[in-house]
Amino acid sequence: MSWRVVARKDFQDAVRSRALWALSGVFLLLTVGLAVLYATLPVIAGGNPTALGLIFFLAGIIGTFVSIAAILAGYKAVAGERERGTIKITLSLPHTRRDVILGKLLGRTAVLALPVVGALVAGTVVGGVLVGDVAPVATVLLGLVALLFTLAYAGIVVGLSATTGSTTRAAALAIGFFLVVELFWDVVVLALAFVTNGFALPASPTAFPDWLYLVQQVPPSSSFMTSLAAVLPDAPAAAAGAGQAAGQVTAFYATPWVGVVALAVWVVVPIAIGYYRFDAADL
Amino acid sequence: MAAIELEDLTKRYGDVTALDGVDLTVRSGEVFGFLGPNGAGKSTTIDILLDFVRPTSGQAAVLGLDAQASSLEVRRRVGVLPEGYQVYDRLTGRQHVAFVLDSKDVDEEPIDAMARVGIADAADRRASDYSKGMRQRLLLSMALVGDPDLLVLDEPSTGLDPAGVREIRRVVRETADRGATVFFSSHILSQVEAVCDRVGILRDGELVAVDSIEGLRETGGGGETLRVTTDGLPDAALEAVRALEGVGAVRRDGDSLAVEADGTAKTAVLDAIEGAGATVLDFETESRSLEELFLAYTEGGR
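Being a predicted model, the structure only gives us computed values, none of them experimental.

> Looking at this structure, how should I read the sheet that holds strand β7 (residues 150-154) of chain B?
The pairing of strands in a sheet happens through backbone hydrogen bonds and is either parallel or antiparallel. Residues and elements named next belong to chain B. Spatially, the six strands line up as an open sheet ordered β6-β7-β8-β3-β9-β10, and their pairing is mixed. With one partner strand each, in any of the chains shown, β6 (78-81) and β10 (206-212) form the two edges of the open sheet. When the angles between neighbouring strand axes are averaged without regard to direction, this sheet yields 15°. Against the sheet, helix α1 (residues 42-49) touches β3 (31-35), β7, β8 (181-186) and β9 (198-203), its axis set at about 145° to β7. Relative to β8, helix α6 (residues 162-177) is tilted by about 150°, and along the sheet it contacts β3, β7 and β8.

Right, dumping it as structure tokens:
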């Protein structure tokens, strides 16, 4: 299990990133602050704060943090080692390139998991005390889905990093991904609706074609929210997760479990592409 | 069994040929110096041995194993001191060594491996705080983990102080004494000369010589170097000297000239210089040093 040795080394390395800890500190404060706001400002919770509502409220900030932190902690994962030449230390040892990629993925995921779990615990404890309601099972489920989401994002960034020997290019790829697939994805969705409707916008969002629901799950942070709705169907804010509300879409695939499938695809595909490119490269 | 066996090894990057049909056998148990100027293809060769780079054509075998198909087994039995002394800045020395011990499944305390190269007291400091000499010792201790059958040193002397160079020599000797093979790449002949049984000289991706140091001296002609100082050296003088029989490499240094010539050609060299209109102020002869031999090989009589 040579990837474990690589993962441990990579964890020891990445966990000492000051930038990541600075970002994590801000994230922790934000999470606790938002939990307090949720519990004390009736407007936010719709007049009736609950532990389950709090979980969905916190999931949003977790989604934002993981995407940014993964880029920060991961874009150099492979490209940086190639640029500096330290990859030759690791690869002069008996590790396959597959073990190196796998070890990198798990090492970076573990580093990102620390602030995610820490903030989740802090946020739910503080919020739970103030709300006077706890939802232990739902909290654990949120934690598990958040870890799957973290794994997916680490896979995306490490996978992109593995396609190149230049950190500049790796950073451009990771930021470009974030801009197109996260920030401006709504534009892509609208453009698709526009084009497929014969170059005219549908009269209202309810007139969007059903399959657009799937397109809306593409951004990992949307798949994350939708997955959460799948595992916590009773939550008030759950509905159908990201994108169109349930009921609007009647197709057989209009289930929030689509989000879990999308996350699984994000876990597997980018890292596979990165591995494929890295394995073929002259270092 | 050969420690390293290269057969018609070729590597091209686009239009650039880094290695051009290299055949080489490094015997088991020998200390082999792999010489050549920067960019000659030494690093590419080592990169192929470790499967960092895949050859365009030809074969490379290490310890009897195919360098590509059996790379994992090769790397289990090889210790490598990589070029450039890069380390993981955020890891301590101990974490570096522990990583290698775990990777090679060797049961030893990191601190013991570090003590062997005299850096045990820096074990818990981050490697970014190490001096260049300490980084080199750290990487040496990592390369020696598990007593590898083949030790590959990629340009180990670059930028080292004399103590560092001595340390490299000590490690090479100890490794050879326990019967392992050392493959020592360098662009500096003097650092290879003292420790190597045989050397190979690479130039522009081609192996131009493989021999023992003594053998090289003999095939090099055992000639002498004639150093001539003039009051001003016209290009015509250079051409006249180069055209002479019995003259090897000719190197110009301002108004001085270093000429590789056999004994009978010396007078002719002086005559040729004066014949071209220069005045000889001084001249001396010295028997040809290995350094000049090396230069003659790598510069090809330029």
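Continuing now.
> I'm lost on the domain arrangement of chain B in this one. Help?
Residues and elements named next belong to chain B. Here chain B is partitioned into domain 1 (2-218) and domain 2 (220-299). Inter-centroid distance (C-alpha atoms) of domain 1 to domain 2 is 37 Å. Tallying the contact residues gives 14 residues for domain 1 and eight residues for domain 2. Secondary structure elements with two or more residues in the side of domain 1 that touches domain 2: α7 (189-193), β9, β10 and α8 (213-219). No other element matches α8, which puts four residues into the side of domain 1 that touches domain 2.

> Any chance you could explain the nonpolar core here in plain terms?
If you look at the biggest cluster of nonpolar residues, it comprises 166 residues, and the most contacted ones within it are Val157(A), Val62(B) and Phe184(B). The residues that make up this core include at least three from each of domain 1 (2-218) and domain 2 (220-299) of chain B. With residues near it in sequence (within four places) discarded, Val157(A) still touches Ala70(A), Ile71(A), Gly74(A), Tyr75(A) and Ala174(A).

> What is the right way to look at the pairing of β7(B) in this model?
For a regular strand, side-chain orientation follows a simple rule: the groups alternate between the two sheet faces. All names here are of chain B. For β7, a buried count of five out of five residues is recorded, marking the element as mostly surrounded by other parts of the structure. Side chains of β7 alternate between two faces, with Leu-150, Val-152 and Asp-154 and Leu-151 and Leu-153 buried alike. Pairing geometry for β6 and β7, over four bridges, is parallel. Following the sheet pairing, Val-78 is matched in β7 by Leu-150. Of the strand pairs in this sheet, β7 and β8 are connected by five bridges, and their pairing is parallel. When the sheet's bridge partners are listed, Leu-153 is paired in β8 with Phe-184.

> How do you make sense of the interface of chain A and chain B when you look at a structure like this?
When the parts come together, some accessible area is lost, and that loss is often what is quoted as the size of the interface. Taken together, the 18 residues of chain A in the interface contact 21 residues of chain B. Elements supplying a minimum of two residues to the side of chain A that touches chain B: α1 (2-14) and α5 (87-91) of chain A. Sort the elements by how many residues they give to the side of chain A that touches chain B and α1(A) lands first, with four residues. A per-class count over the side of chain A that touches chain B returns six nonpolar, six polar and six charged.

> Got a minute to help me understand the pairing of strand β12 (residues 247-253) of chain B in this structure?
All names here are of chain B. Here five bridges tie β12 to strand β13 (residues 256-261), and the two strands are oriented antiparallel to one another. Its bridge partner being in β13, Arg-251 is matched across the sheet by Ala-258. The antiparallel pairing of β12 with β13 creates a hairpin that spans two residues between the two strands, and Gly-254 there sits at a positive phi of about 65°.

> Is there a simple way to think about unusual backbone geometry in this case?
Negative phi characterises most residues that are not glycine, and trans characterises most peptide bonds. Positive phi values are uncommon outside glycine, yet Phe199(A) reaches one of about 55°. Position of Phe199(A) relative to the elements: it lies in the loop between α9 (185-196) and α10 (212-216). The class of Phe199(A) is exposed, set by 7 C-beta atoms lying within 10 Å. Its identity as a non-glycine residue notwithstanding, Tyr85(B) has a phi of 55°, on the positive side.

> I tried to follow the packing of α1(A) against helix α6 (residues 97-131) of chain A on my own but got confused; where do I start?
For any two helices packed against each other, one specifies the crossing angle of their axes together with the interaxial distance. Residues and elements named next belong to chain A. Orientation of α1 relative to α6, taken along the N-to-C sense of each, is 45°, at an axis distance of 7 Å. Relative to α6, the element α1 is oriented oblique. Seen along the crossing, α1 lies across α6 with a hand that is right-handed. Seen from α1, the contacting residues are Ser-2, Trp-3, Val-6, Ala-7, Asp-10, Phe-11 and Ala-14; seen from α6, they are Asp-99, Val-100, Leu-102, Gly-103, Lys-104, Leu-106, Gly-107, Arg-108, Ala-110 and Val-111. A per-class count over the contact of α1 with α6 returns ten nonpolar, three polar and four charged.

About the thresholds
- Residues numbered from 1 in each chain as written.
- Chains lettered and ligands numbered in written order.
- Predicted model: local features only at pLDDT ≥ 70, side-chain atom pairs only at ≥ 80, totals over all residues.
- Pairing = 2+ DSSP bridges.
- Helix = DSSP H or I, 4+ residues; strand = E, 2+ residues; numbered from the N terminus.
- Axes fitted to C-alpha atoms, helices over the stretch in contact; angles between N-to-C directions.
- Contact = placed C-beta atoms within 7 Å.
- Domains from an automatic or database assignment.
- Core = buried A, V, L, I, M, F, W, Y, C linked by C-beta atoms within 7 Å.
- Buried ≥ 20, exposed ≤ 12 C-beta atoms within 10 Å, placed from the backbone.
- Nonpolar A, V, L, I, M, F, W, Y, C, P; charged D, E, K, R; others polar.
- Parallel < 35°, antiparallel > 145°, perpendicular 65-115°, else oblique.
- Left-handed = near helix turned anticlockwise from the far one by under 90°.

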